[in-house]
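Descriptive structure summary
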Protein chains: 2
Amino acid sequence: MASNSEIALKKTRNNLLISIGSRIQKLRENKGFSQVDLAARMLGKFDTTNISRIESGRTNPTIFTLYRIANALEVSIKELMEFEALE
Amino acid sequence: MASNSEIALKKTRNNLLISIGSRIQKLRENKGFSQVDLAARMLGKFDTTNISRIESGRTNPTIFTLYRIANALEVSIKELMEFEALE
DNA sequence: GTTCTTAATGCCATATATGACAAGTTGGTA
DNA sequence: TACCAACTTGTCATATATGGCATTAAGAAC
């Protein structure tokens, strides 16, 4: 069974992932890129499927993935991290 | 066989991971924490083994892991990302 | 109606992050 | 010498990020 702290940790994780996903989506749309555009601009291969999953907070991306996303969006990782945390 | 761009991508990844690992180590040592201390301060479970691997750039941590590390080090994720890029 | 773009979602395979533990190393201190 | 703390490294299992592809849905055009 899941303890209260495990549930709280999962909520913290979900809030983080949703915040970052929203941040990415916002930056992407400000640039006028589609998810396909963004994946195409990234270093190496990256599947549009995963862009969708990251933007909606369904996966927990690695720092290298976020680095490549930031690069494709022409912002620094620091700028990518300027999101408002959900409670 | 690995193409030139695959090799370049791997080098980019390694440089990123080493930069972030060094940044974490520096912040940790400034706080006077051992790796055991840091792992103990993190939300949820985290193994000291993995602290070592992250600090030396041998693994590609997820954003949630970095979030928990930042939290344990009492800095924001943005501050954690203030590292000097290699090369 | 159809067609096109965009995005979401489901499934499967592979690579790897992490958990967990044992063993080795290094530096200090006695 | 021995001991101890901090760290590294190896191995294995499990969870999951990502690659890849098919399908679905919604909206905008025509």
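Scroll up a little and you will see the structure.
Here we summarise the structure given alongside this text. Nothing here was measured: the structure is a model prediction, and the numbers come from that model.

As a structural note, the neighbourhood of DNA strand C is formed by 20 residues, with A:Gln35, A:Ser52, A:Arg58, B:Lys45 and B:Thr65 the closest of them. Of all atoms in DNA strand C that approach within 4 Å of the protein, 71% are sugar or phosphate atoms. The side chain of A:Ser52 places a nitrogen or oxygen atom 2.6 Å from a phosphate oxygen of DNA strand C. A distance of 3.1 Å is found between a base nitrogen of DNA strand C and a side-chain nitrogen or oxygen belonging to A:Arg53. Secondary-structure elements contributing two or more residues to the surface near DNA strand C are helix 3 (48-55) of chain A together with helix 3 (48-55) of chain B.

As a matter of local geometry, DNA strand D sits amid 20 residues, with A:Lys45, A:Thr65, B:Gln35, B:Ser52 and B:Arg58 nearest to it. Within the side chain of A:Asn50, a nitrogen or oxygen atom sits 3.1 Å from a phosphate oxygen of DNA strand D. Elements supplying a minimum of two residues to the surface near DNA strand D: helix 3 of chain A together with helix 3 of chain B. A per-element tally of the surface near DNA strand D places helix 3 of chain A first, with four residues. Taken together, the residues that form the surface near DNA strand D break down as three nonpolar, 10 polar and seven charged.

Calculation criteria
Just so you know, the residues in each chain are numbered from 1, in the order the chain's sequence is written. Written order decides the labels, with chains lettered from A and ligands numbered from 1. A pLDDT threshold of at least 70 governs which residues receive local features in this predicted model, and a stricter bar of 80 or more applies before side-chain atom pairs are shown or counted, although totals over entire chains, interfaces and linings include all residues. Hydrogen atoms and water are omitted, and side-chain values are computed over all heavy atoms in the structure. The near set for a molecule or strand comprises every residue that places at least one heavy atom within 4 Å of it. Any N or O atom pair separated by 3.5 Å or less is treated as a polar contact, with the protein-specific requirement of one donor-capable and one acceptor-capable atom, and with residues adjacent in sequence counted only for side-chain atom pairs. Helix and strand assignments follow DSSP, with helices taken as H or I runs no shorter than four residues and strands as E runs no shorter than two, numbered in order from the N terminus. Side-chain classes follow a simple rule in which Ala, Val, Leu, Ile, Met, Phe, Trp, Tyr, Cys and Pro form the nonpolar group, Asp, Glu, Lys and Arg form the charged group, and the remainder, Gly included, forms the polar group.

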